[in-house]
Amino acid sequence: MARLYGKKMMDMRSTQAVNGQIPTIAPELVEFEGGFKDTPEWGSAFIICPWYVYLWYGDKSLVEEYYPDMQRYLDYLTSKSDNHIIAYGLGDWFDIGPENPGVSQLTSNGVTATAIYYYNATIMRKIALLLGKPDDAGRYEKLAADIKRSFNETFWNEATRKYDRDSQAANAMAIYMGLAEGENREQAFGNLVADIRGRDNALTAGDVGYRYVLRALEDHNASDVIYDMNCKYDVPGYGWQLAHGATSLTESWQAYGFISNNHCMLGHLMEWLFSGLGGVRQADHSIAFKEIIFRPEVVGDIREASVSYDSPYGLIKSDWKDNEQSFTLRVEVPANSSASVYLPASELSQITESGTSLAEANGVRDLSSEKNRIFVNIGSGTYNFHVAKKK
């Protein structure tokens, strides 16, 4: 995938306008109009992708090569802002509203576009620091602070304690991007869950917002909500697509026949299948999965899962099984890497590793606990954890 993103970056730069604009579609073989010509949530892939490539693969080449062009794009977005608010484009494309899908119906495009604009500024600050450009980093830090202040002044209603129109996308993006803080963050998360549960676990967010709905829920240990949202066949979503004959991802949650039914879109759930259900995540501040977190989420009627990922350091694997008597987790940590493993237990005596108590197990160190979970740090190797459930 790293090589593919290099190709994508070339495509985007090949279409970058003199004023810094990145078009919605690249390469731009046909010149479109309106949101199909210029939408911040799409153009911002030019900043987000090279940063993610660095985080996932430790490859700095894209941020080094494209940094000046990325700066020009962020400057372009700034030129399109009014008091640090950007409000144009397609918005949360194909969300589920009262009309046929298309341009965002439930979330103001100023919410999604400005949230992405803020995200860009925070990423550019990190890239500037990585590349040894402290003056640029300071400028982007100030820009991000100005955007955050204006975003909350514009879209947070102190009287109702809601963002914008209280959509799933608006709440999730404010949470994930770090625009909502403190009590407002917890309120926004409560509003997000309340909207989902109030719709009998139906989703509404579109192609921009749904990724952040999943991220916000997982970050708040609410994988049970994610499971409930994505095991429904009676309302638009993945189950609905299957029930209506889809054999690939469709452009609409509703699997409408009058638009594409083979589309690189709405595939957000795959990330959670690895990071939430399978439990393989990268630790904060880790690069290229050198520091791994194993934290599988046992949800619904799922009783086993196995995921693996070929990281730059080697194969990472998580394989768990759950029954009434026990929970077992087998993990593989590649050479020159380390990991933290979170186990569903309240007492150390419940856990063994390869038949040995945790206190005596080789390679297991730094035992800690939190909310009915015990977590340990481990080095490279293969580990077999067994948790005996309390009767």
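The structure contained in this document is the topic of the report that follows. (Residues numbered from 1 in each chain as written. Predicted model: local features only at pLDDT ≥ 70, side-chain atom pairs only at ≥ 80, totals over all residues. Heavy atoms only, no water.)

Side note on the overall build of the protein chain
Inference 1: On a plain count of helices and strands, the protein chain comes out with twelve helices and 13 strands.
Inference 2: Relative to a compact globule of 391 residues, whose C-alpha radius of gyration would be 21 Å, the protein chain shows 22 Å and is just as compact.
Inference 3: Taking the principal axes of its C-alpha atoms as reference, the protein chain extends roughly 65 × 50 × 45 Å.
Inference 4: Buried positions account for 52% of the 391 residues belonging to the protein chain. (Helix = DSSP H or I, 4+ residues; strand = E, 2+ residues; numbered from the N terminus. Rg over C-alpha atoms; globule rule 2.2 N^0.38 Å. Buried < 20%, exposed > 50% of the residue type's maximum accessible area, 1.4 Å probe, protein only.)

Focus: the packing of helix H1 (residues 2–14) against helix H4 (residues 61–79)
Inference 1: Running from amino to carboxyl end, H1 crosses H4 at an angle of 15 degrees, the nearest separation of the two axes being 12 Å. Judged by the inter-axis angle, H1 sits roughly parallel to H4. The element H1 and its partner H4 pack so that their crossing is left-handed. Together, Tyr5, Gly6, Met9, Met10 and Arg13 of H1 and Leu62, Glu65, Tyr66 and Asp69 of H4 make up the contact between the two elements.
Inference 2: Per-class residue counts for the contact of H1 with H4 are five nonpolar, one polar and three charged. (Axes fitted to C-alpha atoms, helices over the stretch in contact; angles between N-to-C directions. Parallel < 35°, antiparallel > 145°, perpendicular 65-115°, else oblique. Left-handed = near helix turned anticlockwise from the far one by under 90°. Contact = heavy atoms within 4.5 Å. Nonpolar A, V, L, I, M, F, W, Y, C, P; charged D, E, K, R; others polar.)

Examining the pairing of strand E5 (residues 304–311)
Consecutive side chains of a regular strand alternate in pointing toward one face of the sheet and then the other.
Inference 1: Because side chains alternate across E5, one face comprises the buried residues Ala305, Val307, Tyr309 and Ser311, and the other comprises Glu304, Ser306, Ser308 and Asp310, none of which is buried.
Inference 2: The hairpin formed by E5 and strand E6 (residues 314–322) contains two residues between the paired strands. (Pairing = 2+ DSSP bridges.)

Concerning the sheet that holds strand E9 (residues 351–353)
Inference 1: If you trace the six strands from one edge of the open sheet to the other, you get E5-E6-E7-E13-E9-E10, paired in antiparallel fashion. The sheet terminates laterally at E5 and strand E10 (356–357), the two strands that pair on one side only.
Inference 2: In the sheet, E9 pairs with strand E13 (residues 381–388) via three bridges, with the strands oriented antiparallel. Bridging across to E13, glutamate 353 finds its partner in phenylalanine 385.

Considerations on a nonpolar patch on the surface
Inference 1: There is a patch of nonpolar side chains on the surface, built from Ile25, Leu29, Val30, Phe32 and Phe36 and spanning about 480 Å² of accessible area.
Inference 2: Residue classification places isoleucine 25 among the partly exposed positions, given a relative accessible area of 33%. (Patch = residues over 30% accessible without salt bridge, like charges linked within 9 Å, V, L, I, M, F, W, Y side chains within 5 Å. Areas by Shrake-Rupley, 256 points an atom, 1.4 Å probe, with all protein chains shown as cover. Salt bridge = Lys/Arg side-chain N within 4 Å of Asp/Glu carboxyl O.)

Examining empty space enclosed by the protein
Inference 1: Under the criterion given, the structure shown has one cavity of 30 Å³ or more.
Inference 2: Of the pockets and cavities examined, the largest cavity occupies roughly 50 Å³.
Inference 3: Residue lining of the largest cavity: Leu203, Met229, Asn230, Lys232, Val235, Pro236, Gly237, Tyr238 and Gly239, and that is the complete set. (1 Å grid on protein atoms, 1.4 Å probe; cavity = no way out; pocket = protein on both sides within 12 Å on 5 of 7 lines; lining within 4 Å. Points joined across faces, edges and corners; volume = space filled by probe spheres on them.)

Observations regarding the layout of surface pockets
Inference 1: Taken as a whole, the second largest pocket holds about 280 Å³ of empty space.
Inference 2: For the second largest pocket, the lining is made up of 17 residues, of which Asn230, Tyr238, Gly239, Leu242 and Leu269 are closest to its centre.
Inference 3: Elements that contribute at least two residues to the lining of the second largest pocket include exactly helix H11 (238–243) and helix H12 (269–277).
Inference 4: A per-element tally of the lining of the second largest pocket places H11 first, with four residues.
Inference 5: In the lining of the second largest pocket, the residues fall into eleven nonpolar, five polar and one charged.

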